[in-house]
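# Structural features, examined
These are the residues of each chain, in order.
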Amino acid sequence: MIDALMPTYARAELAFERGEGPYLYTAEGRRFLDFASGIAVNALGHSHPHLVEAVGAQAQKLWHVSNLYRIPEAERLAQRLVEATFADTVFFTNSGAEAIECGVKLVRKYHDVTGHPERYRVITCSGAFHGRTLTTISAAANPKYLEGFTPAVEGFDNVAFGNLNELRAAITPETGAILVEPIQGEGGIRPADLDYLRALRQVCDEFGLLLFLDEVQCGVGRTGRFFAHEWAEIRPDVMAVAKGLGGGFPVGACLATEAAAAGMTAGSHGSTFGGNPLAMAVGNAVLDVVLAEGFLERVETLAAELRAGLEGLVQRHPGVLAEVRGAGLMLGLRCTVPNGEVVARLREGGLLTVPAADNVVRILPPLIIEAQQVEEALGILERTCAGWPKAA
Ligand SMILES: *Cc1c(COP(=O)(O)O)cnc(C)c1O
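Below, the structure is looked at part by part. (Residues numbered from 1 in each chain as written. Predicted model: local features only at pLDDT ≥ 70, side-chain atom pairs only at ≥ 80, totals over all residues. Heavy atoms only, no water.)

## A closer look at the packing of helix H3 (residues 72-84) against helix H9 (residues 277-290)
Defined as follows: Fitted lines through C-alpha atoms serve as axes, helices being fitted only where they are in contact, and the angles separating the N-to-C directions of these axes extend from 0 to 180 degrees. The secondary structure listing takes helices from DSSP runs of H or I that are at least 4 residues long and strands from runs of E that are at least 2 residues long, numbered from the N terminus. Note on convention: near helix rotated counterclockwise from far helix by under a right angle means a left-handed crossing. Clockwise means right-handed. Here, residues are in contact when the closest pair of their heavy atoms is within 4.5 Å.
Two elements in contact, H3 and H9, have axes separated by 8 Å at closest approach and are oriented at 35 degrees. Considering how the two elements wind past one another, H3 and H9 form a crossing that is left-handed. Touching Glu73, Ala74, Arg76, Leu77, Arg80 and Leu81 of H3 are Pro277, Met280, Ala281, Gly283, Asn284, Leu287 and Asp288, all from H9.

## Thoughts on the sheet that holds strand S15 (residues 351-352)
Our working definition: Strand pairing requires that DSSP identify at least two bridges connecting the strands.
Pairing within the open sheet is mixed, and its four strands lie in the order S1-S2-S3-S15. The sheet is open, and its two edges are formed by strand S1 (16-20) and S15, each paired on a single side. Relative to S15, strand S3 (residues 31-34) runs parallel, the two sharing two bridges. When the sheet's bridge partners are listed, Leu33 is paired in S15 with Leu351. Together, strand S2 (23-26), S3 and S15 form the strand contacts of helix H12 (residues 371-386), whose direction differs from that of S3 by roughly 105 degrees.

## Considering helix H2 (residues 49-61)
Note the following rule: Expected span of a helix: the number of residues minus one, times 1.5 Å. Buried means the residue's accessible area, taken with a 1.4 Å probe over protein chains only, is under 20% of the maximum for its type, while exposed means over 50%, and partly exposed covers the values in between. Arc definition: directions from the helix axis to the C-beta atoms.
For H2, with 13 residues, the first-to-last C-alpha span of 19 Å sits near the 18 Å given by 1.5 Å per residue. Three or more residues of H2 are buried, namely Leu51, Ala54 and Gln58. Each buried residue of H2 sits inside an arc of 65 degrees when the element is viewed along its axis, so together they form one side. Turned more than 90 degrees away from the buried face of H2 sit Pro49, Glu53 and Gln60, all of them exposed.

## What about the packing of aromatic side chains?
Our working rule: Geometry of aromatic contacts follows a simple scheme: Phe, Tyr and Trp rings, the Trp one being its six-membered ring, pair when their centres are within 6.5 Å, and the pair is stacked under 30 degrees between planes, edge-to-face over 60, tilted otherwise.
Summed over all chains, the structure comprises four aromatic pairs. Ring centres 6.1 Å apart and planes at 85 degrees place the aromatic pair Phe161 and Tyr196 in the edge-to-face group. Linking Phe161 in the loop between strand S6 (156-159) and helix H7 (164-170) with Tyr196 in helix H8 (residues 194-207), this pair joins segments that are 35 residues apart in sequence. Both residues of the pair, Phe161 and Tyr196, count as buried.

## Brief notes about the site of the ligand
The cut-off we apply is this: When at least one non-hydrogen atom of a residue lies within 4 Å of a molecule or strand, that residue is treated as near it. The definition of a polar contact used here is a pair of N or O atoms within 3.5 Å, where within protein one atom must be able to donate a hydrogen and the other to accept one, and adjacent residues in sequence count solely through side-chain atom pairs. Per-residue and other accessible areas follow the Shrake-Rupley method at a 1.4 Å probe size, with only the shown protein chains counted as cover for residues. The residue classification treats Ala, Val, Leu, Ile, Met, Phe, Trp, Tyr, Cys and Pro as nonpolar and Asp, Glu, Lys and Arg as charged. All others, Gly included, are polar.
All residues adjacent to the ligand are Ser95, Gly96, Ala97, Phe129, His130, Gly131, Glu181, Asp214, Val216, Gln217 and Lys243. A distance of 2.8 Å separates an oxygen atom of the ligand from a polar atom in the backbone of Gly96. Here an oxygen atom of the ligand and a side-chain polar atom of Lys243 are 2.6 Å apart. Contact with the protein chains hides 82% of the accessible area of the ligand, taken as 380 Å² for the molecule alone. Tallied by class, the residues present in the shell around the ligand amount to three nonpolar, five polar and three charged.

Here it is, written out as structure tokens:
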């Protein structure tokens, strides 16, 4: 008999009752150091006092009114995102996939209203992940996620991630945009070269395409900058954000320049829940913390400590680990043994991590960790690697 909860996940036999900062606790009181962060969502850890206060205060006042009315909390969050980024305007969603969907629609509309309705195609990259809706699995073109769900949505051309020649060769008169993750998350913490990102900006300018970045996983402070593309000192035209933006509350956003959003006029797009007062109160509270003086610098400092420790582990345990990659607190350990086993053994040792493609274990701590938790995680990793059973 099918589970009441549709069995689309192979879940670990573990349920948590509460969380505090970077720790999760089961009902039996077992404690785990959470370097999974709900897949880069709990940017401020669990039960962050400022978020608890913000959601509680808003819950007393107003949860939802719909976008039939002005929502001051949404106007404020949009204004703050505009001030802190390349963007001039923001559409709020409930998830990353919806933020990507909004961006894809915006791309088509932009070319439609600027006289090129034929430019509806979007170039995407191998190894990409953009969500699980029909459009987003079609965009990423990963056979694992498309299997059984075809026909795919039309309009995406997938090229090798990082290969500029292949990308240029894929541009046709029907191309409207390039969609790329500055650091691939699900794909195995594969960072784009900063020069590749800069070249994409140039290619977009040369051909009149929109540069559409997916920062759903790498954004909101994860890499030590507010957004990861800032490391390349480029400005996209469109950007999808979610995960960390709500700190655990479902919030997504599609950010765009005024020019790119030219066609997004009243009636062109919508969402019942998107940008509701409760979600926006939490989003504003996340920004209070992430954009506070010194917060991102602290992320960078701790990330450097963690990375140095991980590099040491790789050197000492080549029979388990092959490589460290990523940026900031979005790190990946490519394994020489199956990554799923590493994740399971770390979990037994009290450390939560996330598997990714390319045999990688993702290390995604909450951005609020302290040096003590870096040490604790490295200790669990060291013991797990040192105790790894020798191949027979
Ligand atoms: C998680 C993720 C998405 C999809 O977000 P959902 O909220 O699950 O729809 C899209 N892009 C990237 C890079 C992601 O990591």
